[in-house]
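Remarks on the overall topology
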Amino acid sequence: MRRFLLLLLAILCSCESNKKEKSNSNIEPKQELNLKLDPYFVAIKNNDVKLGKPVFGDWLYSRNEKGQTFEQFIRTKHVIPTKEENIIYLQPIGKFNSLQKKQIELVRQYLQIFFQLETKVLKDVSNDIIPNNARRTGDVGQEQFLAGYILTDVLKKEKPNKGVALMAITEKDLYPKPEWNYVFGLASYRDKIAVSSMYRMQKEADFNLSLDRLLKICSHEIGHMFGLHHCIEGNCVMNGTNSMVETDRHFIRLCSLCQRKLNSGFKYDNIKRLKELEKYFKDNKLTSGFELMEKDLKNIQ
């Protein structure tokens, strides 16, 4: 029992960041505060689903997060795409099989639609780039990489042309600190870099489920880089998560508030984005995502 409790206490979240980075960000907000609500967001708000009361093991059970209003988001320094920096880059690290390579390409396609920004995949980098002092053996014998090393010693040195965000994708498991078991991903908002692992997404022999999980984690981490805090308003891809079970319960959809935040700086066509997401989910047989987009489309018609 004692061992079980210790393991529970060591359960990790889907993303961690240095809180000081939020206040130290050198990216100035460039949009004016506009409180007038677009009819699009009024319409899709009807499809927001309130979060239930957190239970033991859930992200919010042990964390008193305050959330982030639209006004707070606008007034907080965060990354906004410009003509000079408007491409999202993915950096695969590891040796990927054919199905994993297919998933990385599908992630690229999805992020391009989700953020309405060109998204490119860089050439694979070998696991050899991670030194022994940034590796360890996990609790069930799996090899793990130190997520922070990938951020500071691999990604931070990279300066892709016109890059607004750079995220590594590893096939190895990740850990953020010696005392923690694992982490799904890690982001540095100030440096516009992040890393996500495919390892725990692939535990079940179900391609679509694995893809759905990877899309959630990757869009979540990059959402953080663009200034979105953890969402406590409704079931949303920006919800914090402690486990894969909790991740599976969360929607792949951004709630209306988080959509409004993202759109405030990007200025993309919301309906175009929604239709493209619906088509993506339909083409890739991701039923839950398709149904969520279909409901939103019905509400705006």
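Scroll up to find the structure.
Here's what I pulled together on the structure shown here. Along each chain, residues carry numbers from 1 onward, in the same order as the chain's sequence is written. Two thresholds apply to this predicted model, a pLDDT of at least 70 for residue-level local features and 80 or more for giving and counting side-chain atom pairs, whereas whole-chain, interface and lining totals are computed over all residues. In computing side-chain values, all of the structure's heavy atoms are included and hydrogens and water are not.

Turning next to the sheet that holds strand β7 (residues 173–175). Should DSSP find at least two bridges between two strands, the strands are taken to pair. Secondary structure elements are taken from DSSP: a helix is a run of H or I of four residues or more, a strand is a run of E of two residues or more, and numbering for both begins at the N terminus. Spatial ordering of the open sheet is given by β4-β5-β7, a layout of three strands whose pairing is mixed. If you trace the sheet from one side to the other, it starts and ends with β4 (135–137) and β7, each paired once. Sheet twist, expressed as the average angle between the axes of neighbouring strands with direction ignored, equals 40°. Packing of helix α6 (residues 147–155) onto the sheet brings it into contact with β5 (143–146) and β7, and relative to β5 it is tilted by some 45°. Where helices are involved, their axes are fitted lines through C-alpha atoms of the stretch in contact, as for all axes, and angles between N-to-C directions lie from 0 to 180°. By definition in these notes, contact holds between two residues if any of their heavy atoms fall within 4.5 Å.

Another aspect to go through is helix α10 (residues 270–283). Expected helix span is taken as 1.5 Å per residue step, with the number of steps being one fewer than the number of residues. Taking 1.5 Å of rise per residue, 14 residues should cover 20 Å, and α10 covers 20 Å from first to last C-alpha, within 8% of that figure. Here's how the labels work: a residue is buried when its accessible area is under 20% of the maximum for its type, exposed when over 50%, partly exposed in between, all with a 1.4 Å probe on protein chains only. Where α10 is concerned, the buried positions are Asn270, Arg273, Leu274, Leu277, Glu278, Tyr280 and Phe281. Buried residues along α10 cover an arc of 165° about the axis, so they all sit on one side. Structural note: α10 exposes Lys279 and Lys282 on the side pointing more than 90 degrees away from its buried face. In this structure, the buried residues of α10 make contact with α3 (39–45), α5 (98–114), α7 (207–225), α9 (256–266) and α11 (287–300). The opening residue of α10, the one whose side-chain oxygen lies 3.0 Å from the backbone nitrogen of Ile271, is Asp269. At the exit of α10 stands Lys285, carrying a positive phi of roughly 55°. Think of it as the arc spanned by the lines of direction from the helix axis to the C-beta atoms. The term polar contact refers here to a pair of N or O atoms within 3.5 Å; inside protein, the definition further demands a hydrogen-donor-capable atom paired with an acceptor-capable atom, and it admits residues adjacent in sequence only when both atoms are side-chain atoms.

Further remarks concern the packing of α5 against α7. In the contact formed by α5 and α7, the axes pass within 10 Å of each other and the chain directions differ by 45°. When the axes of α5 and α7 are compared, the pair comes out oblique. Considering the relative orientation of α5 and α7, their crossing is right-handed. In this structure, α5 uses Leu99, Lys102, Gln103, Leu106, Val107, Tyr110, Leu111 and Phe114 to contact α7, whose residues at the interface are Phe207, Ser210, Leu211, Leu214, Leu215, Cys218, Ser219 and Ile222. Residue composition of the contact of α5 with α7, by class: twelve nonpolar, three polar and one charged. Note on angle classes: values under 35 degrees are labelled roughly parallel, values over 145 roughly antiparallel, values of 65 to 115 roughly perpendicular, and the remainder oblique. Should the near helix be turned anticlockwise from the far one by less than a right angle, the crossing is termed left-handed; should it be turned clockwise, right-handed. Residue classes follow a fixed rule: Ala, Val, Leu, Ile, Met, Phe, Trp, Tyr, Cys and Pro count as nonpolar, while Asp, Glu, Lys and Arg count as charged, and any other residue, Gly among them, counts as polar.

Here we take up the pattern of salt bridges. Whenever Lys or Arg places a side-chain nitrogen within 4 Å of a carboxyl oxygen from Asp or Glu, that contact is recorded as a salt bridge. Scanning the model with the defined rule gives 15 salt bridges in all. Measuring nitrogen to oxygen at the nearest pair gives 2.9 Å for the salt bridge that ties Asp58 to Arg249. Highlighted residues: Asp58 in the loop between α3 and α4 (70–75) and Arg249 in helix α8 (residues 244–249), separated in sequence by 191 residues. Judged by relative accessible area, which is 44%, Arg249 ranks as partly exposed. The closest approach of N and O atoms between Glu143 and Lys172, which form a salt bridge, is 3.4 Å. Remark: Lys172 occurs in the loop between β6 (163–170) and β7 and Glu143 occurs in strand β5; sequence separation between them is 29 residues. Since its relative accessible area comes to 29%, Glu143 is described here as partly exposed. Among the charged side chains, a salt-bridge network with shared partners connects Asp48, Arg253 and Asp296.

Turning our attention to the pairing of β5. Across three bridges, β4 lies against β5 in antiparallel orientation. Residue Thr137 lies in a different strand from β5, and its bridge partner there is Glu143. Connecting β4 to the next strand, β5, in antiparallel fashion are five residues, including Gly141 with a positive phi near 90°. Two strands pair when backbone bridges link them, and β5 and β7 are joined in this way by three bridges, in the parallel orientation. Bridge pairing in β7 links Gln144 to Asp173.

Looking at the element boundaries, Gln116 is found in the loop between α5 and β3 (118–121). Between the C-alpha atom of Gln116 and that of Lys267, which follows or precedes it by 151 residues, the distance is 9.5 Å. Residues contacting Gln116, with those up to four places away along its chain left out, are Leu111, Tyr268, Lys272, Arg273 and Glu276.

All right, on to the nonpolar core then. Nonpolar core, defined: a set of buried Ala, Val, Leu, Ile, Met, Phe, Trp, Tyr and Cys residues in which side-chain atoms within 4.5 Å join the residues together. Among the nonpolar cores identified, the biggest contains 60 residues, and Tyr110, Phe115, Phe226, Leu254, Tyr280 and Phe281 are the most heavily contacted of them. Setting aside residues no more than four positions away along its own chain, Phe226 makes contact with Phe73, His78, Val79, Pro81, Ile88, Phe115, Leu117, Val164, Ala165, Leu262 and Phe266. Grouped together as the second largest cluster of nonpolar side chains are 19 residues, Ala134, Val154, Leu166 and Val195 included.

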